[in-house]
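As a plain string of letters, each chain reads:
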Amino acid sequence: MTMWLDTHCHLDAAEFEADRAAVHLRARAAGVVCCVIPAVEATNFETVRLLAHAQQDAYALGIHPLYTPQASDAHLAQLDAALHAHRHDPRLVAVGEIGLDGFVPELNTPEALAKQQQFYKAQLKLAQQHELPVILHVRRSADLLLKGLRDTPVVGGIAHAFNGSLQQAQAFIARGFKLGFGGALTYDRALQLRRLATALPLSALVLETDAPDIPPHWLYTTAEQRTAGQPQGRNEPAELPRIAQVLADLRGIPLDALAAATSANARQALPRLQSRRDLIHPQR
């Protein structure tokens, strides 16, 4: 079976509450041998850790930029304590999801943006201190994120859901980062993203679903369809091989070659994945 790594999947989300075990089984049946589950705020640090252990997955701990309005210095201290307490846990693979969001208007007032930047810089310092890579939220914020990385270098990581320019992509790659591609790539209208996914070296790419978010085109319903009663399809990690097929077709390479390359890239970006025996000899 072709094996895949989903480098970004919010399996702890409420959307999976009713059938999380079934979602896990479908992912494994599809060949997704590991999902990286990033935290988004201090209240779900322990949730993602326990879930990763229960499902034989991996996790990251961090405070997402969308959650910075309600975050405090005490939460940064809690993050530091958790990273220290679980420093020997091979399933803890990164500090994340952290970063900056330049899209949400209320997060980009001068005060709110300053707080985003405060938490981003503080979490880069924690990643540096704990010698962990980072998983970055990059939404209309690539240049500011790169500035932070120049000021506080870390050991690399993943720029999640990357949708910047080729020059920005190359700057992240030069700093030891891989770039995450997922469901957004499947839309015919995503011309710039598709050009980027084919122009970049294969060694720079990792795959992700961001489930339950960023559904691929076959799960998306328009506003008119939703008004007519057709529900939005829910994204889940079992969709990863079909998303990957789109990328393989764009690049003109066999699916197995893409799986091998992106899995190796994920292990390079998140080195603790390399010690996972279940990724070398996955359970059948």
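Above this text you will find the structure in question.
What this report covers is the structure whose coordinates are included nearby. (Residues numbered from 1 in each chain as written. Predicted model: local features only at pLDDT ≥ 70, side-chain atom pairs only at ≥ 80, totals over all residues. Heavy atoms only, no water.)

Bringing the side chain of T152 into the picture now. Its location among the elements puts T152 in the loop between α5 (142-151) and β6 (157-160). What T152 contacts, discounting residues up to four positions off in sequence, is L124, K125 and Q128. (Helix = DSSP H or I, 4+ residues; strand = E, 2+ residues; numbered from the N terminus. Contact = heavy atoms within 4.5 Å.)

What holds strands together in a sheet is hydrogen bonding between their backbones, with the strands either parallel or antiparallel. Here 8 strands make up an open sheet; going across it, the order is β1-β2-β3-β4-β5-β6-β7-β8 and the pairing parallel. Whereas interior strands pair on both sides, the edge strands pair on one side only; in this sheet they are β1 (4-6) and β8 (205-207). With strand direction ignored, the average angle separating the axes of adjacent strands in the sheet is 30°. Two elements, strand β5 (residues 134-139) and β6, share 4 bridges in a ladder whose sense is parallel. Its bridge partner lying in β6, V134 is registered against G157. Its contacts with the sheet place helix α6 (residues 166-174) against β5, β6 and β7 (177-181), and it is angled at close to 130° to β7. (Pairing = 2+ DSSP bridges. Axes fitted to C-alpha atoms, helices over the stretch in contact; angles between N-to-C directions.)

Take the layout of surface pockets next. Empty space within the largest pocket amounts to approximately 1100 Å³. Surrounding the largest pocket, 41 residues form its lining, H137, R139, A161, D210 and I214 being those nearest its centre. Elements represented by at least two residues in the lining of the largest pocket include exactly β5, β7 and α7 (191-199). Residue contributions to the lining of the largest pocket peak at 3 residues, all from β5. Broken down by class, the residue content of the lining of the largest pocket amounts to 18 nonpolar, 14 polar and 9 charged. (1 Å grid on protein atoms, 1.4 Å probe; cavity = no way out; pocket = protein on both sides within 12 Å on 5 of 7 lines; lining within 4 Å. Points joined across faces, edges and corners; volume = space filled by probe spheres on them. Nonpolar A, V, L, I, M, F, W, Y, C, P; charged D, E, K, R; others polar.)

Moving on, we come to helix α10 (residues 255-269). With 15 residues, α10 ought to run about 21 Å at 1.5 Å a step, and its terminal C-alpha atoms sit 21 Å apart, in line with that. Considered for burial, the residues of α10 that qualify are L258, A259, A261, T262, S263, N265, A266 and A269. In this fold, the buried residues of α10 make contact with β1, β6, β7, β8 and α9 (240-251). (Expected span 1.5 Å × (residues − 1). Buried < 20%, exposed > 50% of the residue type's maximum accessible area, 1.4 Å probe, protein only.)

This brings us to the nonpolar core. Judged by nonpolar contacts, the single largest core of 66 residues is most densely connected at L61, V134, L136, L149, F172 and F181. Element by element, the count of residues in this core is highest for helix α4 (residues 110-130), at 5 residues. Among residues more than four places away in sequence, those in contact with L149 are Y120, L124, L136, V154, F172, R175 and F177. The next biggest cluster of nonpolar side chains, apart from the first, holds 15 residues, and it includes A60, A94, A266 and A269. (Core = buried A, V, L, I, M, F, W, Y, C linked by side-chain atoms within 4.5 Å.)

A separate point is the pairing of β5. Most of β5 is tucked away: 5 of the 6 residues are buried. With respect to chirality, the unit in which strand β4 (residues 92-101) leads through α4 into the neighbouring parallel β5 is right-handed. (Right-handed = clockwise from strand over helix to strand, strands pointing away.)

A few words now on the packing of aromatic side chains. Scanning the entire structure with this criterion turns up 3 aromatic pairs. Consider the rings of F172 and F177, whose centres lie 5.9 Å apart with planes at 70°: the pair is edge-to-face. A relative accessible area of 0% places F172 in the buried class. F177 gets classed as buried once you look at its relative accessible area, which sits at 2%. The ring of W218 is capped by R242, whose NZ or CZ atom sits 4.0 Å from the centre of that ring. (Phe/Tyr/Trp six-rings, centres within 6.5 Å; stacked < 30°, edge-to-face > 60°. Lys NZ or Arg CZ within 6 Å of the ring centre and 35° of its normal.)

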